[in-house]
Amino acid sequence: MHYSFRRKLHALIAVLAAAGLITTLTAAPASAGGHRDTLGDLAAARHKYLGSATDNPQFADAAYLKILGKEFNSNTAGNALKWYATEPQRGVFDYTLSDQILNFARAHRQFFRGHTLIWHNQLPEWLTSGTWTAGELRAILKNHITQVVRHYRGKIPAWDVVNEAFNEDGTYRETLFYNTLGPGYIADALRWAHQADPQAKLYLNDYNIEAIGPKSDAYYNLVKSLKAQGVPVHGVGVQGHLALQFGYPTSLRDNLQRFADLGLDVAITELDIRMILPADDAKLATQAEWYGNVTKACLAVRRCVGITIWDYTDKYSWIPAFFPGEGAAHPYDENLLPKPAYYAIRAALRGR
Ligand code: 9MR
């Protein structure tokens, strides 16, 4: 696909530049125009992607879209592929919202992450208000996964199949799916998704698994046992919703590496770094350092395939609504201007 062509092109450029055969294109300033010096280009030269999530309301904002299409080489739907959006009535599938985002990504030659097939939030009313036997729910789940993944077969190369399956202490989260079907729903979901698109990379994804601890240990043990049973699981997504007041997860790199050592891809899937408002220069400097450190952690792990920022700008942040008094979490500000964090990501991608 286009993305892998572009990756190869950038790898070739990097090799030629390293050999001194050409002056590296990525050294050109952004103002030189074109797509030569974006975050996505710098990441591609390191064989990674640097992406952003987006959402449908943002499509009314031309200035926002211009940056989204130009600066990032990966994209994902913040909401449009969730169950409430794709199967609003039982057996009735709607891809209007997700197509808008996927078509934009394809037009801009971006990689794409599908988020998400199974999650306990943003489920349709018909599903949460019903009472289901295990047999019924299994059939509903299988149909949902099969339909959505098959619809996008060959177009969505990576899926968050199950999102947020564990509690902080590493026990299973008691969701509709767990309570009705038991923990085996995860292996089943992965198998159904694999049948629907054998090429897609299938991920388990969660927050607060950046550091080594009970929750990331639960994933480590689960994916190890799934792999031992031959269940198609290919990656672990570390969301990366960080907050300055809680400290930097210093074991991030080692944690990514231990999953990679199991033969899995890893990705930072929903990065943002919030702070208690108001923002000031010191907090923005610390935030920039953290963005740089997360980027370096991914670069240090060969099987870390890339980083997705959970929308690139403070203008469309999910955070103020969920954590009142917090925000300023993204690398662009509310006026779509780059913050110190943006420059720290660039520097890290350049190996500085
Ligand atoms: O960014 C999403 C926001 O627009 C929604 O209102 C919210 C609903 O729960 O979900 C947000 O995305 C979440 C993601 O799907 C899973 N990890 C946590 C993200 C932030 O809440």
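As the structure is a prediction and not an experimental result, all values here were calculated from the model.

Draft legend 1. Structural detail: the UniProt feature "active site" (unreviewed entry) in the protein chain. The positions UniProt marks with the feature "active site" (unreviewed entry) are E270. The class of E270 is buried, set by a relative accessible area of 5%. With residues up to four places along the chain from it excluded, the contact list for E270 reads H115, N163, N205, V238, Q239, G240, H241, T308 and W310. Within polar-contact distance, the side chain of E270 engages the side chain of N205 at 3.2 Å.

Draft legend 2. Looking closely at the pattern of salt bridges. This structure, assessed with the given rule, holds 14 salt bridges. A salt bridge links D265 to K201; its shortest N-O distance comes to 3.5 Å. Linking D265 in strand 8 (residues 265–276) with K201 in strand 5 (residues 201–206), this pair joins segments that are 64 residues apart in sequence. Residue D265 is classed as buried on the basis of its relative accessible area, which comes to 8%. A salt bridge links E326 to R274; the shortest N-O distance between them is 2.7 Å. Pair noted here: E326 is in strand 10 (residues 326–327) and R274 is in strand 8, with a separation of 52 residues, a long-range link. Of the two residues examined, E326 and R274, each falls in the buried class. Three or more residues joined by partner-sharing salt bridges are found here, namely D37, E71, R346 and R350.

Draft legend 3. Representation of the site of the ligand in the model. Near the ligand, the surroundings consist of 13 residues, among which N79, K82, H115, E270 and W310 are the closest. Here E164 contributes a side-chain N or O atom positioned 2.9 Å from a nitrogen atom of the ligand. Notes on the ligand: free accessible area 450 Å², of which the protein chains cover 81%. Residues belonging to the shell around the ligand are distributed by class as follows: 4 nonpolar, 6 polar and 3 charged.

Draft legend 4. Local environment of the packing of helix 12 (residues 281–300) against helix 14 (residues 340–349). Where helix 12 meets helix 14, the axes come as close as 8 Å, and the angle between the chain directions of the two elements is 30°. Comparing their axes, helix 14 and helix 12 come out roughly parallel. As for the relative orientation of helix 12 and helix 14, their crossing is right-handed in sense. In contact with L284, Q287, A288, Y291, G292, T295, K296 and L299 of helix 12, helix 14 contributes P340, A341, A344, I345, A348 and L349. Taken together, the residues of the contact of helix 12 with helix 14 sort by class into 10 nonpolar, 3 polar and 1 charged.

Draft legend 5. Structural context of the state of the cysteines. Throughout the structure, instances matching the rule amount to 1 disulfide. Two residues share a disulfide in this structure: C298 and C304, whose sulfurs sit 2.1 Å from each other. As the torsion about the S-S bond is roughly -100°, the C298-C304 disulfide counts as left-handed. Considered together, C298 and C304 belong to a single accessibility category, that of buried residues.

Draft legend 6. Spotlight on helix 7 (residues 134–151). Taking 1.5 Å per residue as the helical rise, helix 7 with its 18 residues ought to reach 26 Å, and the 26 Å between its terminal C-alpha atoms agrees with that figure. Considering only its buried residues, helix 7 is in contact with helix 4 (83–86), strand 3 (111–118), helix 6 (125–128), strand 4 (158–163), helix 8 (176–181) and helix 9 (185–196).

Draft legend 7. Region of the structure containing the nonpolar core. Core analysis: the biggest nonpolar cluster contains 92 residues, and W159 and L204 have the highest contact counts within it. Here this core takes 8 residues from helix 9, the largest share from any one element. Once residues within four sequence positions are removed from consideration, W159 is found in contact with L81, G114, H115, L117, V148, V149, Y152, A200, K201, L202 and Y203. Core analysis: the next-biggest nonpolar cluster, separate from the first, contains 6 residues, Y49, F111, Y203 and A267 among them.

Quick notes on the rules
- Residues numbered from 1 in each chain as written.
- Predicted model: local features only at pLDDT ≥ 70, side-chain atom pairs only at ≥ 80, totals over all residues.
- Heavy atoms only, no water.
- UniProt positions renumbered as here; feature names shortened; annotations may be inferred.
- Buried < 20%, exposed > 50% of the residue type's maximum accessible area, 1.4 Å probe, protein only.
- Contact = heavy atoms within 4.5 Å.
- Polar contact = N/O pair within 3.5 Å; in protein donor to acceptor, adjacent residues only side chain to side chain.
- Salt bridge = Lys/Arg side-chain N within 4 Å of Asp/Glu carboxyl O.
- Helix = DSSP H or I, 4+ residues; strand = E, 2+ residues; numbered from the N terminus.
- Near = heavy atom within 4 Å.
- Areas by Shrake-Rupley, 256 points an atom, 1.4 Å probe, with all protein chains shown as cover.
- Nonpolar A, V, L, I, M, F, W, Y, C, P; charged D, E, K, R; others polar.
- Axes fitted to C-alpha atoms, helices over the stretch in contact; angles between N-to-C directions.
- Parallel < 35°, antiparallel > 145°, perpendicular 65-115°, else oblique.
- Left-handed = near helix turned anticlockwise from the far one by under 90°.
- Disulfide = S-S within 2.5 Å.
- Expected span 1.5 Å × (residues − 1).
- Core = buried A, V, L, I, M, F, W, Y, C linked by side-chain atoms within 4.5 Å.

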